[in-house]
Amino acid sequence: MANGGIIGPVNTISVGKNKVTSITATGPGSITTQAKTTLVNAVISAGGGGAGYSQAGGGGAGGLRILSCHPVCGSTAYAATVGAGGAGATSGTGTAGAASTIFCTPSAGGGGGGASNPSGTAGSAGGSGGGGGGNNGSAGGAGNTPPTDPVQGYNGGTGAACGQGIGAGGGGAGAIGTNGIFTPGSPTGPASGGTGGAGIDISPYVGAGIGDSNFLAGGGGGGVGSPVPGYVAGAGGAGGGGDGKRVGGGTGNAGTVNTGGGGGGGSYPNPGGAGGSGIVVVKELNKASGVWSMDTVYDRRLNDNWIANYVDVDYMVVAGGGS
(Lines give C-alpha, C1' and ligand atoms only; values in the text may rest on other atoms or scores of the structure.)
Protein backbone atom coordinates (compact mmCIF):
# COMPACT_ATOMS: atom_id res chain seq x y z
CA MET A 1 0.00 0.00 0.00
CA ALA A 2 1.14 3.60 -0.65
CA ASN A 3 1.15 4.34 3.10
CA GLY A 4 2.78 1.10 4.22
CA GLY A 5 -0.45 -0.40 5.55
CA ILE A 6 -1.64 2.77 7.35
CA ILE A 7 -5.05 4.05 6.30
CA GLY A 8 -4.98 7.73 5.38
CA PRO A 9 -3.95 10.23 2.69
CA VAL A 10 -1.12 9.26 0.37
CA ASN A 11 2.32 10.32 1.67
CA THR A 12 3.80 13.37 -0.07
CA ILE A 13 7.16 14.90 0.70
CA SER A 14 9.19 17.72 -0.82
CA VAL A 15 12.65 18.73 0.41
CA GLY A 16 13.06 22.01 -1.46
CA LYS A 17 14.71 23.92 1.43
CA ASN A 18 12.34 26.80 0.61
CA LYS A 19 14.73 27.95 -2.12
CA VAL A 20 13.42 30.96 -4.07
CA THR A 21 14.50 31.61 -7.68
CA SER A 22 13.50 34.73 -9.62
CA ILE A 23 13.73 34.81 -13.42
CA THR A 24 13.93 38.44 -14.51
CA ALA A 25 15.48 38.58 -17.97
CA THR A 26 12.86 39.01 -20.69
CA GLY A 27 12.49 36.18 -23.19
CA PRO A 28 13.16 32.45 -22.79
CA GLY A 29 14.74 31.13 -19.60
CA SER A 30 14.62 28.09 -17.35
CA ILE A 31 14.87 26.80 -13.80
CA THR A 32 16.25 23.44 -12.66
CA THR A 33 14.71 22.00 -9.51
CA GLN A 34 16.74 20.49 -6.71
CA ALA A 35 17.02 16.72 -6.45
CA LYS A 36 14.40 16.25 -3.73
CA THR A 37 11.92 18.97 -4.69
CA THR A 38 8.47 17.68 -5.60
CA LEU A 39 6.27 20.70 -4.81
CA VAL A 40 6.63 24.40 -5.61
CA ASN A 41 4.79 27.69 -5.37
CA ALA A 42 5.10 29.83 -8.48
CA VAL A 43 4.21 33.43 -9.34
CA ILE A 44 3.92 34.33 -13.05
CA SER A 45 3.64 38.01 -13.93
CA ALA A 46 3.37 39.11 -17.58
CA GLY A 47 4.61 42.41 -19.02
CA GLY A 48 2.50 45.49 -18.34
CA GLY A 49 0.77 47.42 -21.11
CA GLY A 50 2.02 50.77 -22.38
CA ALA A 51 -0.09 53.88 -21.85
CA GLY A 52 -1.79 55.74 -24.69
CA TYR A 53 -0.77 59.01 -26.30
CA SER A 54 -1.59 62.41 -24.77
CA GLN A 55 -4.04 62.81 -21.87
CA ALA A 56 -4.32 59.08 -22.02
CA GLY A 57 -5.44 56.01 -20.13
CA GLY A 58 -2.87 54.12 -18.11
CA GLY A 59 -1.63 50.75 -19.28
CA GLY A 60 -3.12 47.59 -17.81
CA ALA A 61 -0.97 45.43 -15.56
CA GLY A 62 0.33 42.14 -16.84
CA GLY A 63 -1.73 39.11 -15.90
CA LEU A 64 -0.71 37.50 -12.59
CA ARG A 65 -1.03 33.75 -12.07
CA ILE A 66 -0.20 32.04 -8.75
CA LEU A 67 0.38 28.30 -8.41
CA SER A 68 0.29 26.77 -4.92
CA CYS A 69 1.81 23.38 -4.11
CA HIS A 70 2.29 22.65 -7.80
CA PRO A 71 3.82 19.17 -8.40
CA VAL A 72 7.21 18.96 -10.14
CA CYS A 73 9.99 16.43 -10.60
CA GLY A 74 13.36 16.76 -8.88
CA SER A 75 16.55 17.55 -10.84
CA THR A 76 14.48 18.67 -13.83
CA ALA A 77 14.87 21.74 -16.06
CA TYR A 78 11.63 23.64 -16.69
CA ALA A 79 11.33 26.21 -19.46
CA ALA A 80 10.09 29.69 -18.58
CA THR A 81 9.38 32.92 -20.45
CA VAL A 82 9.34 36.44 -19.01
CA GLY A 83 7.26 38.95 -20.98
CA ALA A 84 8.50 42.42 -21.91
CA GLY A 85 6.46 45.53 -21.15
CA GLY A 86 4.55 47.21 -23.98
CA ALA A 87 5.73 50.50 -25.47
CA GLY A 88 4.04 53.77 -24.57
CA ALA A 89 2.23 55.26 -27.56
CA THR A 90 3.46 58.24 -29.57
CA SER A 91 0.04 58.19 -31.26
CA GLY A 92 -3.09 56.19 -30.56
CA THR A 93 -3.40 53.32 -28.07
CA GLY A 94 -0.45 51.92 -26.13
CA THR A 95 1.13 48.57 -26.99
CA ALA A 96 0.08 45.49 -25.02
CA GLY A 97 2.65 43.70 -22.85
CA ALA A 98 3.99 40.24 -23.65
CA ALA A 99 2.99 36.99 -21.93
CA SER A 100 4.98 35.12 -19.29
CA THR A 101 4.80 31.38 -18.65
CA ILE A 102 6.18 28.43 -16.67
CA PHE A 103 4.87 24.92 -15.97
CA CYS A 104 2.63 25.27 -19.04
CA THR A 105 0.72 28.07 -17.26
CA PRO A 106 0.63 31.38 -19.17
CA SER A 107 -0.20 34.85 -17.92
CA ALA A 108 -1.37 37.35 -20.56
CA GLY A 109 0.28 40.72 -21.18
CA GLY A 110 -1.47 43.85 -19.96
CA GLY A 111 -3.67 45.84 -22.33
CA GLY A 112 -2.58 49.18 -23.76
CA GLY A 113 -4.07 52.43 -22.47
CA GLY A 114 -6.41 54.40 -24.74
CA ALA A 115 -5.52 57.76 -26.30
CA SER A 116 -7.20 61.15 -25.91
CA ASN A 117 -6.45 62.69 -29.29
CA PRO A 118 -8.11 63.19 -31.63
CA SER A 119 -11.40 61.93 -30.24
CA GLY A 120 -10.63 59.34 -27.59
CA THR A 121 -9.93 55.61 -27.94
CA ALA A 122 -10.71 52.68 -25.70
CA GLY A 123 -8.11 50.76 -23.74
CA SER A 124 -7.28 47.33 -25.08
CA ALA A 125 -7.99 43.99 -23.40
CA GLY A 126 -5.34 41.86 -21.71
CA GLY A 127 -4.33 40.18 -18.47
CA SER A 128 -5.54 43.47 -16.99
CA GLY A 129 -7.30 45.99 -19.25
CA GLY A 130 -5.87 49.34 -20.31
CA GLY A 131 -7.59 52.52 -19.10
CA GLY A 132 -9.84 54.47 -21.47
CA GLY A 133 -8.54 57.64 -23.16
CA GLY A 134 -9.35 61.08 -21.83
CA ASN A 135 -12.19 62.21 -24.12
CA ASN A 136 -15.77 61.14 -24.85
CA GLY A 137 -16.05 58.59 -22.05
CA SER A 138 -13.74 56.10 -23.74
CA ALA A 139 -14.13 52.61 -22.30
CA GLY A 140 -11.48 50.66 -20.47
CA GLY A 141 -10.22 47.38 -21.83
CA ALA A 142 -11.42 44.06 -20.44
CA GLY A 143 -9.21 42.29 -17.93
CA ASN A 144 -8.75 38.54 -17.45
CA THR A 145 -8.43 38.06 -21.21
CA PRO A 146 -8.21 35.20 -22.06
CA PRO A 147 -10.27 34.10 -19.05
CA THR A 148 -8.65 32.17 -16.20
CA ASP A 149 -9.89 30.93 -12.82
CA PRO A 150 -8.93 32.54 -10.51
CA VAL A 151 -8.82 35.75 -12.53
CA GLN A 152 -5.43 37.08 -13.63
CA GLY A 153 -6.45 40.76 -13.71
CA TYR A 154 -9.23 43.34 -13.87
CA ASN A 155 -10.76 45.90 -16.25
CA GLY A 156 -9.40 49.34 -16.97
CA GLY A 157 -11.46 52.38 -15.97
CA THR A 158 -13.47 54.70 -18.24
CA GLY A 159 -12.10 58.06 -19.39
CA ALA A 160 -13.98 61.20 -18.39
CA ALA A 161 -16.85 62.16 -20.71
CA CYS A 162 -15.64 65.67 -21.38
CA GLY A 163 -13.28 67.60 -23.60
CA GLN A 164 -10.72 68.14 -20.85
CA GLY A 165 -8.53 65.12 -21.56
CA ILE A 166 -8.79 63.10 -18.32
CA GLY A 167 -7.66 59.51 -18.77
CA ALA A 168 -8.62 56.46 -16.70
CA GLY A 169 -6.43 54.11 -14.71
CA GLY A 170 -5.39 50.75 -16.08
CA GLY A 171 -6.61 47.60 -14.37
CA GLY A 172 -4.46 45.74 -11.85
CA ALA A 173 -4.15 42.11 -10.81
CA GLY A 174 -6.17 42.83 -7.66
CA ALA A 175 -8.56 45.65 -8.60
CA ILE A 176 -10.14 47.56 -11.48
CA GLY A 177 -8.67 50.86 -12.66
CA THR A 178 -10.66 53.88 -11.53
CA ASN A 179 -12.48 56.22 -13.92
CA GLY A 180 -11.27 59.64 -14.96
CA ILE A 181 -13.14 62.21 -12.86
CA PHE A 182 -14.49 65.56 -14.02
CA THR A 183 -16.96 67.90 -12.27
CA PRO A 184 -19.14 69.64 -14.91
CA GLY A 185 -19.50 73.38 -14.51
CA SER A 186 -16.49 73.68 -12.23
CA PRO A 187 -13.65 75.39 -14.10
CA THR A 188 -11.21 74.75 -11.25
CA GLY A 189 -11.98 71.08 -10.70
CA PRO A 190 -11.87 68.91 -8.81
CA ALA A 191 -10.83 66.56 -11.57
CA SER A 192 -8.28 63.80 -11.74
CA GLY A 193 -6.94 61.04 -13.89
CA GLY A 194 -7.97 57.59 -12.79
CA THR A 195 -5.79 55.66 -10.35
CA GLY A 196 -4.33 52.39 -11.54
CA GLY A 197 -5.80 49.23 -10.07
CA ALA A 198 -3.81 47.68 -7.22
CA GLY A 199 -1.72 44.58 -7.70
CA ILE A 200 -1.38 41.59 -5.36
CA ASP A 201 0.92 40.94 -2.38
CA ILE A 202 2.89 37.83 -3.34
CA SER A 203 4.87 37.45 -0.10
CA PRO A 204 2.57 34.73 1.32
CA TYR A 205 3.54 32.52 -1.63
CA VAL A 206 7.23 33.21 -2.30
CA GLY A 207 8.44 35.40 0.58
CA ALA A 208 9.26 39.09 0.99
CA GLY A 209 11.58 41.38 -0.93
CA ILE A 210 10.25 40.87 -4.47
CA GLY A 211 8.47 43.48 -6.59
CA ASP A 212 7.16 46.83 -5.39
CA SER A 213 7.05 46.36 -1.59
CA ASN A 214 6.02 42.72 -2.23
CA PHE A 215 3.28 43.70 -4.72
CA LEU A 216 3.23 42.83 -8.42
CA ALA A 217 1.01 43.87 -11.36
CA GLY A 218 -0.39 47.33 -10.57
CA GLY A 219 -2.14 49.35 -13.28
CA GLY A 220 -0.85 52.66 -14.67
CA GLY A 221 -2.41 56.01 -13.70
CA GLY A 222 -4.34 58.19 -16.16
CA GLY A 223 -2.91 61.36 -17.70
CA VAL A 224 -4.55 64.79 -17.57
CA GLY A 225 -4.52 67.48 -20.26
CA SER A 226 -5.87 70.57 -18.54
CA PRO A 227 -3.50 73.11 -16.93
CA VAL A 228 -6.08 74.08 -14.30
CA PRO A 229 -4.42 73.80 -10.85
CA GLY A 230 -7.24 71.70 -9.41
CA TYR A 231 -6.62 68.93 -11.94
CA VAL A 232 -4.28 66.10 -10.92
CA ALA A 233 -2.97 63.07 -12.76
CA GLY A 234 -3.74 59.55 -11.62
CA ALA A 235 -1.29 57.58 -9.47
CA GLY A 236 -0.08 54.14 -10.47
CA GLY A 237 -1.45 51.15 -8.58
CA ALA A 238 0.56 49.31 -5.91
CA GLY A 239 2.67 46.77 -7.73
CA GLY A 240 4.76 48.91 -10.05
CA GLY A 241 2.13 50.92 -11.92
CA GLY A 242 3.52 54.13 -13.44
CA ASP A 243 2.08 57.50 -12.42
CA GLY A 244 0.22 59.58 -14.99
CA LYS A 245 1.26 63.16 -15.81
CA ARG A 246 -0.61 66.47 -16.14
CA VAL A 247 0.12 69.31 -18.57
CA GLY A 248 3.79 70.28 -18.37
CA GLY A 249 4.74 66.96 -16.79
CA GLY A 250 5.89 65.27 -19.99
CA THR A 251 5.85 61.55 -20.77
CA GLY A 252 4.00 59.26 -18.39
CA ASN A 253 6.07 57.28 -15.92
CA ALA A 254 7.02 53.77 -16.99
CA GLY A 255 5.86 50.77 -15.03
CA THR A 256 8.55 49.36 -12.74
CA VAL A 257 10.72 46.65 -14.30
CA ASN A 258 10.06 43.06 -13.18
CA THR A 259 6.67 43.88 -11.67
CA GLY A 260 4.35 43.77 -14.68
CA GLY A 261 3.14 47.28 -13.81
CA GLY A 262 1.28 49.30 -16.46
CA GLY A 263 2.66 52.55 -17.86
CA GLY A 264 1.30 55.93 -16.77
CA GLY A 265 -0.63 58.18 -19.17
CA GLY A 266 1.25 61.19 -20.54
CA SER A 267 0.16 64.83 -20.54
CA TYR A 268 -0.68 66.80 -23.68
CA PRO A 269 1.00 66.34 -26.16
CA ASN A 270 3.34 63.66 -24.76
CA PRO A 271 3.68 59.88 -25.14
CA GLY A 272 2.49 57.39 -22.59
CA GLY A 273 4.86 55.51 -20.32
CA ALA A 274 6.03 52.01 -21.18
CA GLY A 275 4.83 48.99 -19.24
CA GLY A 276 7.15 47.23 -16.81
CA SER A 277 8.60 43.85 -17.70
CA GLY A 278 7.24 40.76 -15.97
CA ILE A 279 8.85 38.21 -13.67
CA VAL A 280 8.62 34.50 -12.83
CA VAL A 281 9.31 33.43 -9.24
CA VAL A 282 9.53 29.83 -8.00
CA LYS A 283 9.75 28.70 -4.37
CA GLU A 284 10.76 25.05 -3.87
CA LEU A 285 8.83 23.87 -0.83
CA ASN A 286 9.64 21.94 2.30
CA LYS A 287 6.47 20.00 2.88
CA ALA A 288 5.21 16.64 4.07
CA SER A 289 1.62 15.44 4.11
CA GLY A 290 -0.29 12.24 4.69
CA VAL A 291 -0.10 9.66 7.49
CA TRP A 292 3.40 8.44 8.38
CA SER A 293 4.58 5.56 10.53
CA MET A 294 7.44 6.24 12.94
CA ASP A 295 9.60 3.70 11.08
CA THR A 296 9.12 5.60 7.80
CA VAL A 297 9.93 8.93 9.41
CA TYR A 298 13.09 7.44 10.96
CA ASP A 299 14.22 5.91 7.65
CA ARG A 300 13.67 9.13 5.72
CA ARG A 301 15.54 11.23 8.29
CA LEU A 302 18.39 8.74 8.19
CA ASN A 303 18.56 9.07 4.39
CA ASP A 304 18.23 12.89 4.44
CA ASN A 305 14.85 12.68 2.72
CA TRP A 306 12.68 14.44 5.28
CA ILE A 307 11.74 18.07 5.66
CA ALA A 308 13.58 20.35 8.07
CA ASN A 309 13.46 23.99 9.03
CA TYR A 310 16.42 25.60 7.28
CA VAL A 311 17.12 28.63 9.45
CA ASP A 312 20.39 30.48 10.03
CA VAL A 313 20.89 30.99 13.78
CA ASP A 314 23.47 33.10 15.59
CA TYR A 315 24.09 31.86 19.13
CA MET A 316 26.51 32.13 22.08
CA VAL A 317 27.07 29.64 24.90
CA VAL A 318 28.33 30.90 28.28
CA ALA A 319 29.39 28.42 30.96
CA GLY A 320 28.85 28.94 34.67
CA GLY A 321 31.58 30.64 36.71
CA GLY A 322 33.84 28.64 39.02
CA SER A 323 33.53 28.83 42.80
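Just above sits the structure.
A.B. asks: I'm lost on the pairing of strand S3 (residues 39-45) in this one. Help?
C.D. replies: A regular strand places its side chains on the two faces of the sheet in alternate fashion. Of all seven residues making up S3, seven are buried, and the element is well covered by its neighbours. Of the two faces of S3, the one carrying Leu39, Asn41, Val43 and Ser45 and the one carrying Val40, Ala42 and Ile44 are both buried. Sheet analysis places S3 next to strand S4 (residues 64-71), joined by six bridges and oriented antiparallel. Residue pairing for S4: Ser45 is matched across the bridge by Leu64.

A.B. asks: Whenever I open this one, the environment of Asp201 confuses me. Can you help?
C.D. replies: Following the sequence through the fold, Asp201 ends up in strand S10 (residues 200-201). Considered as a pair, Asp201 and Ala173 are 28 residues apart in the sequence and their alpha carbons are 9.9 Å apart. Setting aside residues no more than four positions away along its own chain, Asp201 makes contact with Asn214 and Phe215.

A.B. asks: Quick question: what am I supposed to make of the environment of Thr259 here?
C.D. replies: Note that Thr259 resides in the loop between strand S12 (231-232) and strand S13 (279-289). With relative accessibility at 1%, the residue Thr259 sits in the buried group. Considering only alpha carbons, one finds Thr259 and Ile279, 20 residues apart in sequence, at a separation of 6.4 Å. Apart from the residues lying within four places of it in its own chain, the contact partners of Thr259 are Ser45, Gly211, Asp212, Leu216, Ala217, Gly239, Gly240 and Ser277. Looking at Thr259, its side chain comes within polar contact range of the main-chain oxygen of Thr256, at 2.7 Å.

A.B. asks: Can you walk me through the side chain of Lys283 in this structure?
C.D. replies: On the secondary structure map, Lys283 appears in strand S13. It turns out Lys283 is buried and unbridged, and the closest side chain with the opposite charge, Glu284, is 12 Å from it. Here Lys283 is in contact with Asn18, Lys19, Val20, Leu39, Val40, Asn41, Tyr205 and Val206, once residues within four sequence places are set aside.

A.B. asks: Is there a simple way to explain the environment of Pro147 in this structure?
C.D. replies: Considering the arrangement of structural elements, one finds Pro147 in the loop between strand S7 (105-107) and strand S8 (181-182). A sequence separation of 20 residues divides Pro147 from Gly127, and the C-alpha atoms of the two residues are 8.5 Å apart.

A.B. asks: Even after reading the chapter, I still don't get the packing of aromatic side chains, so can you show me in this structure?
C.D. replies: The description of an aromatic ring pair rests on the distance of the ring centres and on the angle between the ring planes. In the structure shown here, the tally under the stated rule is two aromatic pairs. When the ring of Tyr78 is compared with that of Phe103, the centres are 5.1 Å apart and the planes differ by 75 degrees; the resulting orientation is edge-to-face. One end of the pair, Tyr78, is in strand S5 (residues 77-82); the other, Phe103, is in the loop between strand S6 (100-102) and S7, and 25 residues separate them in sequence. For Phe103, a relative accessible area of 9% translates into the label buried.

A.B. asks: Would you take a moment to explain the nonpolar core for this structure?
C.D. replies: With 14 residues, the main nonpolar core has Ile23, Ile31, Ile102, Phe103, Val280 and Val282 as its most contacted residues. Dropping the residues within four chain positions of it, Ile102 is found in contact with Ile31, Ile44, Ala79, Ala80, Val280 and Val282. With eleven residues, the next largest nonpolar core counts Val43, Ala173, Ile202 and Ile210 among its residues.

A.B. asks: Whenever I open this one, the sheet that holds S12 confuses me. Can you help?
C.D. replies: Sheets are built from strands paired through backbone hydrogen bonds, the pairs being either parallel or antiparallel. Read from one edge to the other, the open sheet built from three strands follows the order S8-S9-S12, with strand pairing classed as mixed. If you trace the sheet from one side to the other, it starts and ends with S8 and S12, each paired once. Judged from the two bridges that link them, S8 and strand S9 (residues 191-192) form a sheet pairing that is antiparallel. Note on S9: the bridge partner recorded for Ile181 is Ser192.

Reading the values: the criteria
- Residues numbered from 1 in each chain as written.
- Predicted model: local features only at pLDDT ≥ 70, side-chain atom pairs only at ≥ 80, totals over all residues.
- Heavy atoms only, no water.
- Buried < 20%, exposed > 50% of the residue type's maximum accessible area, 1.4 Å probe, protein only.
- Helix = DSSP H or I, 4+ residues; strand = E, 2+ residues; numbered from the N terminus.
- Pairing = 2+ DSSP bridges.
- Contact = heavy atoms within 4.5 Å.
- Polar contact = N/O pair within 3.5 Å; in protein donor to acceptor, adjacent residues only side chain to side chain.
- Lys, Arg positive; Asp, Glu negative; His and termini not counted.
- Salt bridge = Lys/Arg side-chain N within 4 Å of Asp/Glu carboxyl O.
- Phe/Tyr/Trp six-rings, centres within 6.5 Å; stacked < 30°, edge-to-face > 60°.
- Core = buried A, V, L, I, M, F, W, Y, C linked by side-chain atoms within 4.5 Å.

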